[in-house]
Amino acid sequence: MTLWVRYDRDGAEGFGTLEGEEIAVHAGEFFGTPAPTGKRLPLSAVRLLPPVQPGAFIGLWNNFHAAAAKQGNAIPEFPLYFLKNPRCVIGPGAAIHPPAGYDGKVLYEGELGIVIGRQVSAADEAEAEAAIFGYTAVNDVTALDLLTADASFPQWARAKGCDTFGPIGPAIATGFDWRSARVTVALNGRVRQDYPLADMILPPARIVSLISREMTLHPGDVIACGTSLGALPIRPGMQVAVTIEGIGVLENPYAPSM
């Protein structure tokens, strides 16, 4: 398994593979044929960026058996998806902020994120699997009261696309076995969400295959696989840490409006 990261060092961006407490710097195209430069940087000398800046940022709803059973939802045969504003993406350590003037509930949702590595359209599951570059951790932050503000129109894009509502990271793991992994979310160190990825209704390759029938996916696009039980509101001052063993810890503070 390889962990890919993007970083900023003194205003210059770069990328490479994370090896312990060092980054092996690479050059070339991230989703092409990147090559090691031989240069290494201590992790402490850089600021980690989101490991990918997606062109399309897709999120799923109702994709875990346990949550569907508790909420009384039918089991979907096709991904129930929405689009998040790709400009809402932030990296590890960056602060999540509610929208200006908003004082309603804001929820965290720890999720596995699929990162697309090659263009794919109308793919079968084998082609879809081959198009997956790797996996990352996602916090699908939601302004719950905006979602339901108008009884006639659930506002998914508005509620989930606010600035800073898309933490991604800390790395993209290639060769990652999602079937044996768990997602946990801790608030100020207290675990509040803990579920197995094996409980997914639609697995990653099927998700990519089905969505690609309607939408061509491109390198760098991200699909968040949905969340399970335990998503709760957060309050200013809280540290939200999404952990997926093998990928790392995506930790972000929740701060008042900017």
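Residues numbered from 1 in each chain as written. Predicted model: local features only at pLDDT ≥ 70, side-chain atom pairs only at ≥ 80, totals over all residues. Heavy atoms only, no water.

Caption draft 1: Molecular detail of the pattern of salt bridges. Under the defined criterion, the tally for this structure stands at nine salt bridges. Measuring nitrogen to oxygen at the nearest pair gives 3.1 Å for the salt bridge that ties Arg-6 to Glu-13. The buried category is assigned to Arg-6, whose relative accessible area is 16%. Its relative accessible area of 57% is what places Glu-13 among the exposed residues. Of the charged contacts in the structure, one is a salt bridge between Lys-160 and Asp-140, with a shortest N-O distance of 2.8 Å. Of the two residues, Lys-160 is situated in helix H4 (residues 156-160) and Asp-140 in the loop between strand E11 (132-139) and strand E12 (142-143); the sequence distance between them amounts to 20 residues. Each member of the pair, Lys-160 as well as Asp-140, carries the same accessibility label: buried. (Salt bridge = Lys/Arg side-chain N within 4 Å of Asp/Glu carboxyl O. Buried < 20%, exposed > 50% of the residue type's maximum accessible area, 1.4 Å probe, protein only. Helix = DSSP H or I, 4+ residues; strand = E, 2+ residues; numbered from the N terminus.)

Caption draft 2: Quick peek at the pairing of E11. With respect to burial, E11 is a largely interior element, seven of its eight residues being buried. Two strands pair when backbone bridges link them, and strand E10 (residues 110-116) and E11 are joined in this way by seven bridges, in the antiparallel orientation. By the bridge assignment for E11, Ile-116 is matched with Ile-132. Sheet analysis places E11 next to strand E13 (residues 166-174), joined by three bridges and oriented antiparallel. Following the sheet pairing, Ala-137 is matched in E13 by Gly-169. (Pairing = 2+ DSSP bridges.)

Caption draft 3: Structural view of the sheet that holds strand E15 (residues 190-196). If you walk across this open sheet you meet the four strands as E15-E14-E17-E18, and the pairing is antiparallel. Pairing within the sheet leaves two strands with one partner each, and these edge strands are E15 and strand E18 (248-253). Neighbour to neighbour, the strand axes of the sheet diverge by 15° on average, direction disregarded. Sheet topology note: the strand E14 (residues 182-187)/strand E17 (residues 239-244) ladder contains five bridges and is antiparallel. Bridging across to E17, Val-183 finds its partner in Ile-244. (Axes fitted to C-alpha atoms, helices over the stretch in contact; angles between N-to-C directions.)

Caption draft 4: Here's a closer look at the packing of aromatic side chains. On inspection of all chains with the given rule, the structure shows 11 aromatic pairs. Ring geometry for Trp-4 against Phe-15: centres 6.3 Å apart, planes inclined by 35°, an arrangement best described as tilted. Of this pair, Trp-4 sits in strand E1 (residues 2-9) while Phe-15 sits in strand E2 (residues 12-19), placing them 11 residues apart in sequence. Just as Trp-4 is buried, Phe-15 falls in that class too. For the ring pair Trp-61 and Trp-156, a centre distance of 6.4 Å and an interplane angle of 65° mean the geometry is edge-to-face. Taken together, the residues Trp-61 in strand E6 (residues 57-61) and Trp-156 in helix H4 connect sequence positions 95 residues apart. Given a relative accessible area of 37%, Trp-61 falls into the partly exposed group. (Phe/Tyr/Trp six-rings, centres within 6.5 Å; stacked < 30°, edge-to-face > 60°.)

Caption draft 5: View of the side chain of Glu-109. Mapping Glu-109 onto the fold places it in the loop between strand E9 (106-107) and E10. Side-chain polar atoms of Glu-109 contact the side chain of Thr-142, separated by 3.0 Å. (Polar contact = N/O pair within 3.5 Å; in protein donor to acceptor, adjacent residues only side chain to side chain.)

Caption draft 6: A look at the nonpolar core. In terms of nonpolar packing, the biggest core is built from 62 residues, with Leu-112, Ile-114, Phe-176, Leu-197, Val-208, Leu-217 and Ile-223 touching the most fellow members. The contact partners of Leu-112, leaving out residues within four places of it in the chain, are Tyr-135, Thr-136, Phe-176, Trp-178, Val-183, Leu-197, Met-200, Ile-223, Ala-224, Cys-225, Ile-244 and Ile-247. With 13 residues, the next largest nonpolar core counts Phe-57, Cys-88, Val-138 and Val-222 among its residues. (Core = buried A, V, L, I, M, F, W, Y, C linked by side-chain atoms within 4.5 Å. Contact = heavy atoms within 4.5 Å.)

Caption draft 7: Spotlight on the UniProt feature "domain: Rv2993c-like N-terminal" (unreviewed entry) in the protein. What UniProt calls "domain: Rv2993c-like N-terminal" (unreviewed entry) maps, in this numbering, to residues 4-51. The distance separating the terminal C-alpha atoms of residues 4-51 is 7 Å; by composition the span is 0% helix and 65% strand. (UniProt positions renumbered as here; feature names shortened; annotations may be inferred.)

Caption draft 8: A look at unusual backbone geometry. Cis geometry marks the peptide bond from Gly-169 to Pro-170; its omega dihedral reads -5°. In this fold, Pro-170 is placed in strand E13. In this structure, Ala-122 is a non-glycine residue whose phi angle is positive, near 50°. Tracing the chain through its elements places Ala-122 in the loop between E10 and helix H2 (125-131). We classify Ala-122 as exposed; its relative accessible area is 54%. You will see that Thr-164, though not glycine, has its phi angle at about 75°, which is positive. Within the fold, Thr-164 resides in the loop between H4 and E13. Note on Thr-164: relative accessible area 9%, which makes it buried.

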